[in-house]
Amino acid sequence: MEQRSITFIGAGNMAHSIIAGLVTSGYQPDLITATAPSPERREPLARQYGIHTDDDNLRAAEHADVIVLAVKPQLMASVCEKLQSIDFSNKLVISIAAGVSVERLNQMLACELNLVRVMPNTPSLIGKGMSGLFASSQVSASDKTFAEQLLQAVGEVCWVEQEAGINAVIAAAGSAPAYFFLFMEAMQAEAIKQGFDADTARLLIQQSALGAAEMVKANPEVALSTLREQVTSKGGTTAEALRTFNEHQLSDTVAKAMRAAISRAEEMEKLF
Ligand SMILES: NC(=O)C1=CN([C@@H]2O[C@H](COP(=O)(O)OP(=O)(O)OC[C@H]3O[C@@H](n4cnc5c(N)ncnc54)[C@H](O)[C@@H]3O)[C@@H](O)[C@H]2O)C=CC1
Ligand SMILES: O=C(O)[C@@H]1CCC=N1
């Protein structure tokens, strides 16, 4: 992919995941800078990936071709205020923050930005990320391609036509690894109660989850419901487990949880 200088403002979990994926996929580490106030956040990144780090956001961002805003939404306004002196006209700005709109980011940086909002997720760390992208109206085709390739370096991507689609991506992908972790935690806890040690319980669940996800990926033409039915012998054990999930309205709970994530993103758009 095209190599441009990139500065990540914020070096937390998500920036780390993307940087790791980028460097592993061959992006030049000396083109990447990450900023954070604390050396505890910066130093491991510099050591592990050979990237530059800085505690001065303005200095790090000024000369970058691409600025990735990767701080918590509640910090975004104060962080951006100190970057307002930058000439953004030839820069691509990518925000990965949940719940901070294009309109707000333009206000925060006092500029009509070439802005792409991206909603990634933490499996980017191992190249298995899923990102949704939304480009504001003035973003050029080459900037869109760059943003797309950047996120493709760490996983799969999809574009959304409307900005509201980013909140739907949060519900379906950005937050989603945590849903699966929660489900696996619950399964592990019960497997331990059934007599397995923690490691074996984890292996049983991890391998089943991985196998199921790989089967979904390997059979794009097969409906998820068919894959489920193939496990479910008539009058057998799986049917009983699924009946219990249905009795407790699992689908309804999942739908409510996803809508709750969207509502929170909408609320955050008003707060930050
Ligand atoms: N964690 C996730 O799964 C996802 C997070 N996001 C978004 O990514 C953004 C970052 O989230 P996380 O990485 O999870 O948070 P985090 O708390 O792990 O990282 C934020 C980082 O910002 C740094 N920071 C704090 N003040 C700063 C300042 N003044 N200047 C520069 N850096 C500063 C902190 O040192 C920290 O390393 C958020 O806006 C979140 O909405 C988006 C998708 C998924
Ligand atoms: O929980 C959050 O707000 C962020 C956005 C998606 C995943 N983590």
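Predicted model only: the values in this text are computed from it and were never measured.

Rules and cut-offs
- Residues numbered from 1 in each chain as written.
- Chains lettered and ligands numbered in written order.
- Predicted model: local features only at pLDDT ≥ 70, side-chain atom pairs only at ≥ 80, totals over all residues.
- Heavy atoms only, no water.
- Phe/Tyr/Trp six-rings, centres within 6.5 Å; stacked < 30°, edge-to-face > 60°.
- Helix = DSSP H or I, 4+ residues; strand = E, 2+ residues; numbered from the N terminus.
- Contact = heavy atoms within 4.5 Å.
- Pairing = 2+ DSSP bridges.
- Axes fitted to C-alpha atoms, helices over the stretch in contact; angles between N-to-C directions.
- 1 Å grid on protein atoms, 1.4 Å probe; cavity = no way out; pocket = protein on both sides within 12 Å on 5 of 7 lines; lining within 4 Å.
- Points joined across faces, edges and corners; volume = space filled by probe spheres on them.
- Buried < 20%, exposed > 50% of the residue type's maximum accessible area, 1.4 Å probe, protein only.
- Right-handed = clockwise from strand over helix to strand, strands pointing away.
- Domains from an automatic or database assignment.
- Buried area = accessible area lost by both parts, 1.4 Å probe.
- Salt bridge = Lys/Arg side-chain N within 4 Å of Asp/Glu carboxyl O.
- Polar contact = N/O pair within 3.5 Å; in protein donor to acceptor, adjacent residues only side chain to side chain.
- Near = heavy atom within 4 Å.
- Areas by Shrake-Rupley, 256 points an atom, 1.4 Å probe, with all protein chains shown as cover.
- Sits in = over half its atoms within 2 Å of the grid points.

Draft legend 1. A look at the packing of aromatic side chains. Tallied over the full model, the rule gives 1 aromatic pair. Seen in terms of ring centroids, phenylalanine 183 and phenylalanine 245 are 5.8 Å apart; in terms of plane orientation they differ by 40°. Their pairing is tilted. Pair noted here: phenylalanine 183 is in helix H8 (residues 176–193) and phenylalanine 245 is in helix H11 (residues 237–247), with a separation of 62 residues, a long-range link.

Draft legend 2. Spatial organisation of the side chain of asparagine 106. When you line up the elements, asparagine 106 lands in helix H5 (residues 102–108). With residues near it in sequence (within four places) discarded, asparagine 106 still touches Cys111, Glu112 and Leu113.

Draft legend 3. View of the sheet that holds strand E5 (residues 92–95). Spatially, the 8 strands line up as an open sheet ordered E3-E2-E1-E4-E5-E6-E7-E8, and their pairing is mixed. Edge positions in the sheet fall to strand E3 (52–54) and strand E8 (155–159), since each of these pairs with one other strand and no more. Recorded for the sheet is a direction-independent mean angle of 25° between the axes of neighbouring strands. Strands strand E1 (6–9) and strand E2 (32–35) of the sheet are contacted by helix H1 (residues 13–24), whose axis makes an angle of about 155° with E1.

Draft legend 4. Structural context of the layout of surface pockets. By volume, the second largest pocket amounts to about 930 Å³. Along its surface, the second largest pocket is lined by 36 residues, and Met14, Ala70, Val71, Lys72 and Pro73 are the ones closest to its centre. Elements represented by at least two residues in the lining of the second largest pocket include exactly H1, helix H3 (57–62), helix H4 (73–81) and helix H7 (164–174). Examining the composition of the lining of the second largest pocket, we find that 5 residues originate from one element, H4, more than from any other.

Draft legend 5. The arrangement of the environment of leucine 22 in detail. For leucine 22, the location among the structural elements is in helix H1. Sequence separation between leucine 22 and glutamate 229 is 207 residues, and the spatial gap between their C-alpha atoms is 38 Å. When near neighbours in sequence (up to four residues on either side) are disregarded, leucine 22 contacts Ile6, Phe8, Tyr27, Ile32, Leu150, Ala153 and Val154.

Draft legend 6. Layout of the pairing of E2. Alternating positions in E2 separate into two faces, Ile32 and Ala34 on one and Thr33 and Thr35 on the other, with burial throughout. Relative to E2, E1 is paired through 4 bridges, and the arrangement is parallel. Bridge pairing links isoleucine 6 to isoleucine 32 in E2. Taking the sense of rotation as the criterion, the β-α-β connection linking E1, H1 and E2 turns out right-handed. Here E2 runs beside E3; their pairing, made up of 3 bridges, is parallel. Of the residues in E3, the one forming a bridge with threonine 35 is aspartate 54. What joins E2 to E3 is helix H2 (residues 39–49), and the crossover it makes is right-handed.

Draft legend 7. Expanded view of the domain arrangement of the protein. Partitioning the protein into domains gives domain 1 (6–163) and domain 2 (176–269). Placing the centre of domain 1 and that of domain 2 at their C-alpha centroids yields a distance of 32 Å. Taken together, the contact pairs 9 residues of domain 1 with 4 residues of domain 2. Between domain 1 and domain 2 the total buried area reaches about 490 Å² when both faces are included, carbon and sulfur atoms providing 61% of it. Where domain 1 packs against domain 2, one counts 0 salt bridges. Connecting domain 1 to domain 2 are 1 residue pair in polar contact (both at pLDDT 80 or more).

Draft legend 8. Focus on unusual backbone geometry. Residue alanine 110 is not a glycine yet carries a positive backbone phi of 50°. As for its position among the elements, alanine 110 is in the loop between H5 and strand E6 (114–119). With a relative accessible area of 54%, alanine 110 lands in the exposed category. With a phi angle near 55°, glutamine 249 is a residue other than glycine that sits in the positive phi range. Assignment of secondary structure puts glutamine 249 in the loop between H11 and helix H12 (250–271). Among the residues examined, glutamine 249 registers a relative accessible area of 46% and is labelled partly exposed.

Draft legend 9. Geometry of the site of ligand 2. Near ligand 2, the surroundings consist of Ala98, Gly174 and Ser175. Here ligand 2 has 240 Å² of accessible area as a free molecule, and 46% of this is covered by the chains. Under a 2 Å grid-point criterion requiring more than half of the atoms, the pocket assigned to ligand 2 is the second largest pocket.

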